[in-house]
Amino acid sequence: MDYKVKTIKKVINKRQTVQVPGSKSITARALLIAALANGKSTLYNVQFSQDCQSFLRCIKDLGVEVNIEGTTVQIIGCGGNLPKKTAKINVGSAGTAARFITAFLAFCDGEYFVDSSEQMKARPQAPLISALQNLGAQFTFLQQQNSFPFIIKGTKNPKNELCVNIQKSSQYLSALLISSACAPHPIKIKVEGEHGMEYVLMTVKMMQAFGVKVDICGNEYTVNGAYIGGNYKIEPDISAACYFYAINKITNLQIEVEGVDESVLQGDIKFIRLLKDFDGGDVDMSAFSDQALTLAAVAPYLKSPTKIYGISHIRGQECDRISAIATNLRAMGVEVKEFEDGVKIYPCTPHGAQINTFGDHRVAMAFAVAGTRTEGVEIKNAEVCAKTFKEFFTVLDELTNKVSNGCNPQ
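Small disclaimer: the values here were computed from a predicted structure and weren't measured.

K.L.:
Just give me the short version of the overall build of the protein, but keep the residues and values in it.
P.N.:
Per the secondary structure count, the protein includes 13 helices and 21 strands. In terms of its C-alpha atoms, the protein occupies a principal-axis envelope of roughly 70 × 45 × 40 Å. A buried classification covers 57% of the 410 residues belonging to the protein. Pairs at least 24 residues apart make up 73% of the contacts formed inside the protein by residues separated by at least 6 positions. Of the roughly 16,000 Å² of accessible surface on the protein, a fraction of 45% belongs to carbon and sulfur atoms. The average position of the 43 basic charges and that of the 40 acidic charges among the side chains of the protein differ by 1 Å.

What follows is the structure, encoded as structure tokens:
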């Protein structure tokens, strides 16, 4: 499916409110914690993107009881002891499921076959797998070393101390933290490197909300206790909300996303704060790199050049996102300098172009933002948004119709 973005030219309804799904990051953590807990948990405002559905499918295939009604999910936790000692699961293209469920299985006394999409096979897993092997888990790789598919044999008697390098992804640490609660004794995790620590803090706060104690001393995390089932409401997805605040930045709109405020756990709130007074300059986006594409799409319309740096790791995500930024902005007539860890973008008046999404949902949504200001932007293969926000273009259409009364005058 290709999508032609409606340009907003004549604003007649400046103030708008939109809804976005529940947070993907929080949904994934809540699903796994609830599955590991003792007793029943009820999760509200669950996201049902492709990634989250992959996570749910894996949990159910492992024998955990799940009941779904609308955006509410009830899970009968296994208390860290899976009912199935053998199973075949597929994490699809969901990076969070790939890391989190692999870590969980390392703490289980079963033997499991784990597969993924071709895209996920190319994403880095080695630091996590190395930590889990040192923990006591055994891996048999069926194609490439440190890649899906593999057979994992876990251990119910893990070592007391682990070490993990998170330079490429903080998900490695979050995965270990969440599943360390399955161990029969406290687990100490030593961390090398630093990356996206706001997501780690989110993980810790959610673990504590379900009754597990996490002590932090410098680069060491100690996990102790077991999860207790309960009720948990999932925040709106701030990553999804950011696209609408970015539209505000380059149009004359005042869009608000329901449920977004300063109390949210998600690190991408930094992007919304940044946009308020930003008109170009240098930005280290290592802590909220999912929005590097969004800032890049906004940057040509700002007063001064924008340099985005600290994001070399996004070359290894759904696509090489730095290359995708440069390719698509140049297609729109924008001057871009590409570096190993980022880009520098110069102000101009972009023209319309076909946007190559490279199979990446965030490329599609970020460049749709530019299309609300620049006529003739067409998103190729726009259906990739289903990975995290299936209804994004429907919500965007409804928004543009409201603000311009369904017309797009010259």
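There is more to say after this.
K.L.:
Quick rundown of the sheet that holds strand 20 (residues 354–355)? Include the residues and the values.
P.N.:
Read from one edge to the other, the open sheet built from three strands follows the order 1-21-20, with strand pairing classed as mixed. In this open sheet, the two edge strands, each paired with only one partner strand, are strand 1 (3–4) and strand 20. Inspection of the sheet shows strand 1 paired to strand 21 (residues 378–379) by two bridges, in the antiparallel sense. By the bridge assignment, lysine 4 is partnered in strand 21 with glutamate 378.

K.L.:
Before we move on, can you summarise helix 9 (residues 269–277) with the specific residues and values?
P.N.:
Among all positions in helix 9, only Ile269, Phe271, Ile272 and Leu275 are buried. Taken around the axis of helix 9, the buried residues stretch over an arc of 155 degrees, which confines them to a single face. Along its buried surface, helix 9 packs onto helix 8 (238–250) and helix 10 (292–298).

K.L.:
Could you give an account of the side chain of serine 174, naming the residues involved and the relevant values?
P.N.:
Its place among the elements puts serine 174 in helix 6 (residues 171–180). Looking at serine 174, the relative accessible area reads 0%, which means it is buried. When near neighbours in sequence (up to four residues on either side) are disregarded, serine 174 contacts Arg29, Phe100, Tyr199, Val200 and Thr203.

K.L.:
Tell me about the sheet that holds strand 9 (residues 150–153), residues and numbers included.
P.N.:
Strand order across the open sheet formed by four strands is 6-7-9-8, with mixed pairing between neighbours. Edge positions in the sheet fall to strand 6 (86–90) and strand 8 (138–141), since each of these pairs with one other strand and no more. Across the sheet, the mean angle separating the axes of adjacent strands is 20 degrees when strand polarity is ignored.

K.L.:
Got a sec to walk through the state of the cysteines? Specific residues and values, please.
P.N.:
Counting across every chain of the model gives zero disulfides. Left unpaired, cysteine 58 is separated from the closest cysteine sulfur, that of cysteine 52, by 12 Å. Using a relative accessible area of 0% as the deciding quantity, one classes cysteine 58 as buried. With no disulfide of its own, cysteine 108 has cysteine 182 as its nearest cysteine by sulfur position, at a separation of 6.0 Å.

K.L.:
An account of the pattern of salt bridges is requested, with residue identities and associated values reported.
P.N.:
Enumeration according to the criterion identifies 19 salt bridges in this entry. Among the ionic contacts, a cluster of salt bridges with common partners joins Lys24, Asp51, Arg123, Asp290, Glu318, Arg321, Asp360, Arg362 and Lys387.

Reading the values: rules and limits
- Residues numbered from 1 in each chain as written.
- Predicted model: local features only at pLDDT ≥ 70, side-chain atom pairs only at ≥ 80, totals over all residues.
- Heavy atoms only, no water.
- Helix = DSSP H or I, 4+ residues; strand = E, 2+ residues; numbered from the N terminus.
- Buried < 20%, exposed > 50% of the residue type's maximum accessible area, 1.4 Å probe, protein only.
- Contact = heavy atoms within 4.5 Å.
- Areas by Shrake-Rupley, 256 points an atom, 1.4 Å probe, with all protein chains shown as cover.
- Lys, Arg positive; Asp, Glu negative; His and termini not counted.
- Charge placed at Lys NZ, Arg CZ, Asp CG, Glu CD.
- Pairing = 2+ DSSP bridges.
- Arc of directions from axis to C-beta.
- Axes fitted to C-alpha atoms, helices over the stretch in contact; angles between N-to-C directions.
- Disulfide = S-S within 2.5 Å.
- Salt bridge = Lys/Arg side-chain N within 4 Å of Asp/Glu carboxyl O.

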